[in-house]
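Here is what each chain is made of, one letter per residue.
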Amino acid sequence: MMEITIFLKDGTKKFWAEESRPGGSYTNSIKYEVGFVIVTDTWGKMTAIPTNDVKEIIADPHLGNRW
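Remember, predicted model here, so these are calculated numbers, not experimental data. (Residues numbered from 1 in each chain as written. Predicted model: local features only at pLDDT ≥ 70, side-chain atom pairs only at ≥ 80, totals over all residues. Heavy atoms only, no water.)

*Asks:* Quick question: what am I supposed to make of the environment of I58 here?
*Replies:* Inspection of the secondary structure puts I58 in strand 6 (residues 54–61). Its relative accessible area of 39% is what places I58 among the partly exposed residues. When the C-alpha atoms of I58 and M1 are compared, they prove to be 14 Å apart, with 57 residues separating the residues in sequence. Aside from chain neighbours lying at most four places away, what touches I58 is E3, I4, T5 and F7. (Helix = DSSP H or I, 4+ residues; strand = E, 2+ residues; numbered from the N terminus. Buried < 20%, exposed > 50% of the residue type's maximum accessible area, 1.4 Å probe, protein only. Contact = heavy atoms within 4.5 Å.)

So, in structure tokens, the structure goes:
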């Protein structure tokens, strides 16, 4: 499971919260391609963001119960 936050250079913040989906292995994912960051949500919806627009990316894996 992963929460993904992308901060854009124009000050915009895009956030993908981790959501449960029946089946157990569905999760948000992030992939880096030439010129793009591609986020796929739990339901398979893909969002491509040009890397020129990106300031910072935080991909926070939720590893079950934390202290």
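This is not the end of the story, as more comes after the structure.
*Asks:* I would appreciate a short explanation of the pattern of salt bridges in the present structure.
*Replies:* As a working rule, side chains carrying opposite charge can pair if their charged atoms are close by. A full pass over the atoms with the stated rule returns one salt bridge. Close ionic contact of K31 with E33 constitutes a salt bridge, the shortest N to O distance being 3.7 Å. Judged by relative accessible area, E33 falls into the partly exposed class, the value being 39%. (Salt bridge = Lys/Arg side-chain N within 4 Å of Asp/Glu carboxyl O.)

*Asks:* Explanation requested: the sheet that holds strand 5 (residues 46–50) in the structure shown.
*Replies:* Each strand in a sheet pairs with another by means of backbone hydrogen bonds, the pair being arranged parallel or else antiparallel. An order of 3-4-5 is seen for the three strands of this open sheet, with the pairing classed as antiparallel. Because the sheet does not close on itself, it has two edges, and the strands there are strand 3 (29–33) and strand 5. Looking at each pair of strands side by side, their axes are set apart by 20 degrees on average, direction ignored. (Pairing = 2+ DSSP bridges. Axes fitted to C-alpha atoms, helices over the stretch in contact; angles between N-to-C directions.)

*Asks:* Any chance you could explain the nonpolar core here in plain terms?
*Replies:* Here is a general trend for soluble globular proteins: nonpolar side chains tend to be buried in one another's company. By size, the foremost hydrophobic cluster in this structure holds nine residues: I4, I6, L8, W16, I30, V37, V39, I49 and V54. Put simply, the parts of the chain that give this core at least two residues each are strand 1 (2–8) and strand 4 (36–40). Per-element accounting of this core gives the leading share, three residues, to strand 1. Among all residues touching V39, those that are not within four sequence positions of it are I4, I6, W16, S29, I30, K45, M46 and T47. (Core = buried A, V, L, I, M, F, W, Y, C linked by side-chain atoms within 4.5 Å.)

Geometric values such as these leave the question of function open.
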